[in-house]
Amino acid sequence: MKKRAIIFTRSVFILGVLGLMALSLMAQEKVELFGYYESQILGTQLKGDFYQLFTNKLRVDLKSELSENITFAANFDYINYLGKTEWNVLDFLSEELVSTVPEEMRPFYVIAFSNDTFLDNAYIKLSFKPFDLTVGKQQISLGTGYVWNPTDVFNIKDVLDPTYEQPGHTALRLDIPLGSLYTLTTLYSPEETWEKSTKLIQLKGNISHFDYYVIAVERIWPFHDYTEFDPANMNFLDVSEKRKMLGGSTVGELLGLGVWAEYAYNWMAKSDDFYELVVGADYTFDFQTYVTMEYYRNTLGKSDYKDYDINDWMRFLSAEQKAICRDQAYVFVQHPATDLLDVGLQTVYCFSDGSLALVPTLGYSLSDNVVIYAYLNFNLGKEGTVYGKNMGNGGLLRLRAYF
Amino acid sequence: MKQLLHAFIIFPLLVLASYGQELTGKDIIQKVNDTINVETSHGTAKMTIVTTSGSKRTFVQESWSKDKGEKNLVRYLEPQRVKDQAILMLNNADDIWMFFPRTQRVRKLATHAKKQKMQGSDFSYEDMGSGDAFIKDYVSKRLEDEENEGYDCFKLELTRKRESDMSYSRLIIWVIKANFVPVTIDYYDENDPSRKVKRLVQSDIQVVDGIPTAMKAVMFNLKDNTQTELEMLEVEFNIPLDDSLFTERALKK
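Residues numbered from 1 in each chain as written. Chains lettered and ligands numbered in written order. Predicted model: local features only at pLDDT ≥ 70, side-chain atom pairs only at ≥ 80, totals over all residues. Heavy atoms only, no water.

Colleague: Tell me about the overall build of chain A, and please be specific about residues and values.
Modeller: The helix and strand tally for chain A stands at 3 helices and 22 strands. Against the globule reference of 22 Å for 403 residues, chain A gives a C-alpha radius of gyration of 22 Å, in line with a compact fold. By its C-alpha atoms, chain A is 60 × 60 × 50 Å across when sized along the principal axes. Relative to its full complement of 403 residues, chain A shows a buried share of 48%. At a minimum sequence separation of 6, the contacts of chain A that also span at least 24 residues come to 53%. By element, 62% of the accessible surface of chain A is carried by carbon and sulfur atoms, the whole surface being about 19,200 Å². Charged side chains of chain A number 34 positive and 51 negative; the gap between the two group centres comes to 4 Å. (Helix = DSSP H or I, 4+ residues; strand = E, 2+ residues; numbered from the N terminus. Rg over C-alpha atoms; globule rule 2.2 N^0.38 Å. Buried < 20%, exposed > 50% of the residue type's maximum accessible area, 1.4 Å probe, protein only. Contact = heavy atoms within 4.5 Å. Areas by Shrake-Rupley, 256 points an atom, 1.4 Å probe, with all protein chains shown as cover. Lys, Arg positive; Asp, Glu negative; His and termini not counted. Charge placed at Lys NZ, Arg CZ, Asp CG, Glu CD.)

Here it is as structure tokens:
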């Protein structure tokens, strides 16, 4: 009850501040107000029952050119969940693995969706000839991969919905163009101390028809031990640790194919070091069919599915780590069936456990500013695998109206 | 006086006619290329897609080009769904970057992306012109002159070069003799040079900043029975444009 009151008060406060800001800026006739409303239903057939989670999301964006060189942008999200808003991860796992979890701990393996109102992004960007400086909560997109981005330590994409927007992160970002071919980026994302804050440096260059990036990051990685409960915080034990990452990525064209690669080596303060690698290619045929494929290796993932433990699953499903299986491939084929309708098929295969997910997709333009996106997902692997039958089959239907 | 007037009119026409007789296909396509690829340009255009069911989708885009079409930047202004999406094409569209504002992501695209439909329209990125493609990717041959859309035209056949990866095996182009504007272009199937797949018709030709400019173009998709209309709302030529406009940094603005 208290939490709801806090959320409500916070929502009113954010709305009030943004409203005042919008009114003030609109008075100057310099502000753009836009965004979208999204209604979505996610359904899953699980152990004979069909569960549904409904989501209503309103995103309101503000953008203002305060002067020739200064831009202010912000967006506020209100998300409302209905239906099955609490999912116990153990319901998706093999009985063998569930039996290893103490009975009294089982109710805690829950991923909950609660109504939320938050300031997703709010930043000021100063653009001068020698540099761009962006200060505030902002989206940070790193890497050249389509589904997986080893060098992106800020975000984890949904494999079935990789182009969905990512949340904002508070940071101070400086982009310095070095001639016409290079850009140096430094980024500082503050936490309570300098040691705990994220530091990033990246150099982007261009050779022939290839762009390339070299990147180094130091960041505290938020991790939990899902086998130990911390009564003080009423949560699983926080075992966050420092991660130092050195990586690189490239994207370009080879023999007519679009190609990209991304690699990151991670030095961990306490746990084992690991690396991630992505290679991908895409092509558009003359008959308009588009195909993209990507291979991903993450040595944090396990090469034998019998080794997946409760920590692996919880970290994977809570989006703390990108993969549970070591080697995966993603293939997406899309074709414009008409001017307004795109049909496609996503396939994800885990080499390590032999499991496969098939995801037919559909995108339809209902009007200039209203689109429908839908997919079905069928998990065909055996029990205990990442795309196993026990993960449930289902689908998603999303209606989005832009304003 | 009347005779003098005739002399003024008839003599240049005779000169033009005899000059036209001497031009080869290569000469004509070079002149077309020079006409459509102006040093710099800036404009806004409205694109209306008419589907088989008669539904319409409308887009407004602002574009800049420099170095005779070698550098291009296109930014969508409407509808809200695609607002601020932008495409940067350099080196005659051999290098393409696309910016998605919702994810703040810039993605480098390979040249095969030129074959994709532009926002679901009947124009592919390739159709929108990639600089000197008429010269670089095709061999041109002059056919017998013809009248087309009410204009006295040169008729050319462009056959794709063996090493080219363009999506059309050949093009038939009607070029207005008076100003070298291509008034109609027929596009033939990638693998079947006898199968016409699209027709572009340009109209409302006005002289803007001294450049003959088609203010309207309609692409008819004969395969899907759909059409897309492109209407220039504003256009200006040979204006100063800084190179910094054609960078990834500018793409994100």
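Next comes the rest of the description.
Colleague: Can you lay out the interface of chain A and chain B for me, pointing to particular residues and giving the numbers?
Modeller: Across the contact, 55 residues belong to chain A and 38 residues belong to chain B. The largest contributions to the chain A side of the interface with chain B come from Asp286, Asp339 and Asp368 of chain A, which together make up 19% of the buried area. Across the chain A-chain B interface, the total number found is 7 salt bridges. Salt-bridge contacts for Asp61 of chain A lead to Arg102 of chain B; the nearest nitrogen and oxygen are separated by 3.7 Å. (Buried area = accessible area lost by both parts, 1.4 Å probe. Salt bridge = Lys/Arg side-chain N within 4 Å of Asp/Glu carboxyl O.)

Colleague: Account for the state of the cysteines, with residues named and values stated.
Modeller: Residue and element names in this part refer to chain A. As enumerated under the stated definition, the model contains 1 disulfide over all chains in all. Here Cys325 connects covalently by a disulfide to Cys350, the sulfurs 2.4 Å from one another. In this pair, Cys325 sits in the loop between helix H3 (310-317) and strand S18 (327-336) while Cys350 sits in strand S19 (residues 341-350), placing the two residues 25 residues apart along the sequence. Residue classification places Cys325 among the buried positions, given a relative accessible area of 0%. (Disulfide = S-S within 2.5 Å.)

Colleague: Could you give me a rundown of the environment of Val278 of chain A, with the residues and numbers involved?
Modeller: Residues and elements named next belong to chain A. In this fold, Val278 is placed in strand S16 (residues 274-284). In this structure Val278 comes out as buried when scored by relative accessible area, which is 0%. Spatially, the C-alpha atoms of Val278 and Leu380 are 24 Å apart, while their sequence positions differ by 102 residues.

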